[in-house]
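Residue strings, one per chain:
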Amino acid sequence: MPDENRTFQRAGMTIRVFSDAGAASRAAADLIAEAIRGAKPDRRAVLGLATGSTPQKVYAHLAAWHAAGELSFRDVVTYNLDEYYPIQPLDPKSYRCYMHRHLFSLVDLSPQAAHILDGTVPEPFVADHCAEFERWIAADGGLDVQLLGIGRNGHIGFNEPSELPVEEALALPTRLVELHPVTRADAVREFGGADKVIPRALTMGVKTILSAGSILMLATGAHKADAVAAALNGDPRSGLPASLLQTAGGKVTWLVDELAASLIS
Ligand code: PGA
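Since the structure is predicted, the reported quantities are computational estimates derived from the model, not experimental observations.

Reading guide: rules and limits
- Residues numbered from 1 in each chain as written.
- Predicted model: local features only at pLDDT ≥ 70, side-chain atom pairs only at ≥ 80, totals over all residues.
- Heavy atoms only, no water.
- Buried < 20%, exposed > 50% of the residue type's maximum accessible area, 1.4 Å probe, protein only.
- Helix = DSSP H or I, 4+ residues; strand = E, 2+ residues; numbered from the N terminus.
- Pairing = 2+ DSSP bridges.
- Near = heavy atom within 4 Å.
- Polar contact = N/O pair within 3.5 Å; in protein donor to acceptor, adjacent residues only side chain to side chain.
- Areas by Shrake-Rupley, 256 points an atom, 1.4 Å probe, with all protein chains shown as cover.
- 1 Å grid on protein atoms, 1.4 Å probe; cavity = no way out; pocket = protein on both sides within 12 Å on 5 of 7 lines; lining within 4 Å.
- Sits in = over half its atoms within 2 Å of the grid points.
- Nonpolar A, V, L, I, M, F, W, Y, C, P; charged D, E, K, R; others polar.
- Points joined across faces, edges and corners; volume = space filled by probe spheres on them.

Engineer: I would appreciate a short explanation of the pairing of strand β3 (residues 45-49) in the present structure.
Structural biologist: Every regular strand shows the same layout, with side chains that alternate between the two sheet faces. By the criterion of burial, β3 is predominantly enclosed, with five of the five residues buried. Neither face of β3 is left uncovered, since the one carrying A45, L47 and L49 and the one carrying V46 and G48 both have all their residues buried. Pairing between β3 and strand β4 (residues 76-80): five bridges, direction parallel. Residue pairing across strands places L47 opposite T78, the latter belonging to β4.

Engineer: So what exactly am I meant to see when it comes to the site of the ligand here?
Structural biologist: In the region of the ligand, the neighbouring residues are G52, S53, T54, G149, I150, G151, H155 and K224. Side-chain polar atom of T54 to an oxygen atom of the ligand: 2.4 Å apart, as the coordinates give it. When the ligand is considered free in solution it has 280 Å² of accessible area, and contact with the protein chains removes 76% of it. Judged by its atoms lying within 2 Å of the grid points, the ligand is housed in the largest pocket. Residue composition of the shell around the ligand, grouped by class: one nonpolar, six polar and one charged.

Engineer: Where do I start with the layout of surface pockets in this structure?
Structural biologist: Which parts of space are left empty comes out when a probe the size of a water molecule is rolled across the atoms. Considered as a void within the structure, the largest pocket measures approximately 790 Å³ in volume. If you trace the largest pocket, you find 36 residues lining it, with T51, G52, S53, Y95 and E190 closest to the centre. Mapped by element, the contributors of at least two residues to the lining of the largest pocket are β5 (82-85), α3 (95-102), β7 (145-148) and α6 (181-191). A per-class count over the lining of the largest pocket returns 14 nonpolar, 14 polar and eight charged.

Function cannot be read off these values alone, since they describe shape.
Written out as structure tokens, the structure is:
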């Protein structure tokens, strides 16, 4: 059992605080492995996956358990949250490449079972592609578990802060978006220069994310403390998309380390 310091409820959600990022990541990996092992015999486990620096340790655990013969992805289907647009799948900065590097090449997941929004779809066909992505998720029976990270601006996937009425923000579908300045600034290191950051992306919608059977929000590090506290305090609002998780109440678990939890009041 990872080193867990405390658990409490906030707006119907469960908040689990761990001593450090390693322990929080281990807890996320445990819950994903549980979802895989707990899938009914006639149904594949349907995982919603995230990219970024935070989930890398989660994937390292899953890959290690697979290497040890303890976990198989044979009966798993995955859907990723987002992808830059436009981008080629073999571009090392694509999330397709990221997933290959950190998980897909290390486990026995069938390539046909790994779904990532396609950064090469010509723009006139993007809306159809996004609608099709949602139909695939529905045809697989919906996401059993969605792993999320939080941006410093409170984004989930690439659902960025907006001024939409809450009902409209909650109904946002999978779509093409413009990245928020904070998101672009955070991507500078990854892209090697501000002018090199791809400013648009395809993202799973808020509605799609909130429809998952269970939602795991993993947030670690002091740089996430402001966003975590803001998402847990106050009402759900479109200006801080992670606060919209409050509306999914009981199916949301926050896995945070002490640094990311430090401003929760
Ligand atoms: P990070 O990104 O894990 O790289 O901090 C999280 C996010 O933006 O969702």
